[in-house]
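Chains, contacts and geometry: an overview
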Amino acid sequence: MENVIISSSNSSREGIIAAPPFSTSSKKSGGGWRSIKYILGNESFEKLASMSLIANLTVYLQTQYNMDGILMVNVFNIWSGSSNLTPLAGAFISDAYLGRFRTLLYGSFASFLGMGTITLTAGISSLRPISCHKEDDCQHPQYWQLAVLYVGLALLAIGAGGIRPCNIAFGADQFDTRTEKGRAQLTSFFNWWYFSFTVALVIALTIVVYVQTNVSWVAGYAIPTCCLFLSISIFLMGKHTYLIKKAQGSVFVDIIKVIVAAIRKRNLDLASGYTLYDPPHVEWDEQEPKLAHTDKFKFLDKAAMISDPSELDEQGMPLNSWRLCSVHQVEHLKLLLGVVPVWFTGIGCFITMDQMNTFGLMQAIQSNNIIGNFKFPPGWMGLTSMIALSTWIFIYEKIYLGHATNRSKKIKRLTLKQRINIGITMAIICMLVAAAVEKERRNLALRHGSFMSPMSIFVLLPQFALSGLNEAFTAVAIMEFFTTHLPETMRTVAGAIFFLSSSVASYLNTVLVNVVHHVTGKNGKSPWLGGHDLNRIKIDNYFYLIAGLATLNLLYFNLFSSRYLKNNVDIPMPESIQDQGKDKEMKATA
């Protein structure tokens, strides 16, 4: 019984004993920003390719496969939902078997094959039904033609499962979070990752989409296929610089074991003096330190309670790991439960952002988009959000932090709580502005008796910019919280649940739209939503409703979920950076 350490169930210690170790090897030549440039290059080209498909897939299905509205929506939604669920499987496979590097590589190959298949459907006419420019009597796609299309989409969904949960986690692996410099670099990495994502999205929404719809679908899909090839090439070029950690087993299995063991021992009394199974450091402590016992979610401690000495063998190890778990395993589940309140806050913010992708674009379609002899594409309005997001990140990283650091000699970052509060506030203002603009747009259209309002499309720019700032503050902060709150062995889980929150928000938004349409259209009343003409409905009331939900989300965050955040504190400036600053001052004086 020497391996058993008794831990009081009333311990007040919380969190991790020490910062996660960076490397078990004496050679630390890899990692850092030298590796990140390859990882960001890989991520940028991969996102450019995937977003080029997502942005115009519905148009492709409708115009090239003659799909009616129902089939088209079903295909898109099933594929989109699958692409946001496969990261959970990817996280498990990465942690248990392949490791993050190989999972990323295999996922990239799957995406390349999937995009190549979609390009073939565009280039080989026999893989599609005959093009139809009439509303009726269009040839429906044959089953084998749909099968080829579905294989391509399935490969892309599989690729997303390997890429999405691992790309952020693999980048975070390159920094030594035991040091102040490493922790500061990790925080910057989150912003630059999102910055590269946004730049890729801007290119996809402009150049690639224009080529697809106005030049050629073959060329429009060949471009993202080539981008995926470049993505894989850049990723492999940087292999010699990476810190590659081996798979250490999946925490998903441990989490299930804890749940099963806690249920089996649900009748035990925590106050009855049972001891907790808390063995000393073993092999896994090289990957991460042992987690200390906490008092949160105490009912889960029953999984680690030694109810009978016969549960242990002569070496002090559990005879049945589905009945007795270690404190370390229990704390893994507690950490995961600890992100759930903030995860709900993220869903609320994503619901607000989704409004601009749907109803915001509908506003743009029915606004005056003629500028001289140029017709401004309504789809380009989404660029405003991306530009606002990228601009803020650049200002924050290159201007704000530089001035704040020089004044205080500390790296003064906004805390997670501050950034999320600012983001939710931006979401509320965004919806209020959108409602006011929509009311004016509709009134002008009704006054002129026209489908398109004489109001300029550029009046919509502020609400799209506010939506981008909501994402810049909230989404980046929540992604950072997931990745830093969970230990290194759970970073792929962090990536998976981040994308899952966006998926859940989309589904909930769909439910909300249908409920509002049904409720407000009762008794012959004019519904807030529905139809193709915004002038006949009152979408401004719907925007006010979303603003109210965002306000509730703000209250929920500050009254409840913010307590689960571990806010960052000012980080003292590393001596090397201070010395560089002094050298610059001396040169400037000279």
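Residues numbered from 1 in each chain as written. Predicted model: local features only at pLDDT ≥ 70, side-chain atom pairs only at ≥ 80, totals over all residues. Heavy atoms only, no water.

**Some remarks on the packing of aromatic side chains**
For the record, the criterion: Geometry of aromatic contacts follows a simple scheme: Phe, Tyr and Trp rings, the Trp one being its six-membered ring, pair when their centres are within 6.5 Å, and the pair is stacked under 30 degrees between planes, edge-to-face over 60, tilted otherwise. The numbering of helices and of strands both runs from the N terminus, where a helix is a DSSP run of H or I of at least 4 residues and a strand a run of E of at least 2. Remark: exposure states derive from per-residue accessible area (1.4 Å probe, protein chains only) relative to the maximum for the residue type, with buried under 20%, exposed over 50%, and partly exposed in between.
Counted by the stated rule, this structure contains 16 aromatic pairs. Centroid distance Phe101 to Phe235: 5.1 Å. Interplanar angle 25°. Geometry classified as stacked. Of this pair, Phe101 sits in helix α2 (residues 69-123) while Phe235 is found in helix α5 (residues 217-237), placing the two residues 134 residues apart along the sequence. Among the residues examined, Phe101 registers a relative accessible area of 6% and is labelled buried. Owing to a relative accessible area of 1%, Phe235 belongs among the buried residues under this scheme. With 6.0 Å between their ring centres and 75° between their planes, Phe350 and Phe498 make a pair best called edge-to-face. Of this pair, Phe350 sits in helix α7 (residues 327-365) while Phe498 sits in helix α11 (residues 491-520), placing them 148 residues apart in sequence. Here the aromatic cluster, defined as three or more aromatic residues joined through ring pairs, consists of Phe101, Phe170, Phe235 and Tyr242.

**Remarks on the packing of helix α9 (residues 416-448) against helix α10 (residues 461-485)**
In a pair of packed helices, the angle between the axes and the distance between the axes together describe the arrangement. Here is the rule we go by: Note on method: axes are straight lines fitted to C-alpha atoms, helices fitted across the in-contact stretch only, with angles between N-to-C directions ranging 0 to 180 degrees. Each angle is binned into one of four classes, with values under 35 degrees roughly parallel, values over 145 roughly antiparallel, values of 65 to 115 roughly perpendicular, and all other values oblique. Crossings are assigned a handedness: left-handed for a near helix turned anticlockwise from the far helix by less than a right angle, right-handed for a clockwise turn.
One way to put it is that α9 packs onto α10 with a least axis distance of 8 Å and a crossing angle of 155°. When the axes of α9 and α10 are compared, the pair comes out roughly antiparallel. The element α9 and its partner α10 pack so that their crossing is left-handed.

**Here's the deal with the pattern of salt bridges**
Here is the rule we go by: Each reported salt bridge corresponds to a side-chain nitrogen of Lys or Arg within 4 Å of a carboxyl oxygen of Asp or Glu.
Going through the model one piece at a time under the given rule, you end up with nine salt bridges. Here Glu311 makes a salt bridge to Arg323, at a shortest N to O gap of 3.3 Å. Placement of the pair is Glu311 in the loop between β2 (305-306) and α7 and Arg323 in the loop between β2 and α7, with a sequence separation of twelve residues. Taking relative accessible area as the criterion, Arg323 reaches 32% and is therefore assigned partly exposed.

**Quick notes on helix α6 (residues 251-264)**
For clarity, the cut-off: Expected helix span is taken as 1.5 Å per residue step, with the number of steps being one fewer than the number of residues. Regarding the arc, it is the one traced by the directions from the helix axis to the C-beta atoms.
The terminal C-alpha atoms of α6, which comprises 14 residues, lie 20 Å apart, in line with the 20 Å expected from a rise of 1.5 Å per residue. Taken as a whole, α6 has its buried residues at Val251, Ile255, Lys257, Val258, Ala261 and Ala262. Across the axial projection of α6, the buried residues extend over an arc of 160°, all falling on one side.

**Things to note about the environment of Gly316**
Here Gly316 is to be found in the loop between β2 and α7. Taking relative accessible area as the criterion, Gly316 reaches 0% and is therefore assigned buried. Between the alpha carbons of Gly316 and Pro279 there is a distance of 8.5 Å; along the sequence they are 37 residues apart.

**Considerations on the nonpolar core**
The criterion, for reference: Nonpolar cores are built from buried Ala, Val, Leu, Ile, Met, Phe, Trp, Tyr and Cys residues. Side-chain atoms within 4.5 Å join them into one set. What makes two residues a contact is simply this: any of their non-hydrogen atoms within 4.5 Å.
Among the nonpolar cores identified, the biggest contains 71 residues, and Phe189 and Phe482 are the most heavily contacted of them. Residue contributions to this core peak at 13 residues, all from α7. Sequence-distant contacts of Phe482, that is, excluding residues within four places in its chain, are made with Val339, Trp343, Ala494, Ile497 and Phe498. Counting residues in each nonpolar core, the second largest holds 28 residues, with Met356, Ala364, Ala434 and Ile546 among its members.

Interpretation note: all reported values are geometric properties and have no functional meaning in isolation.
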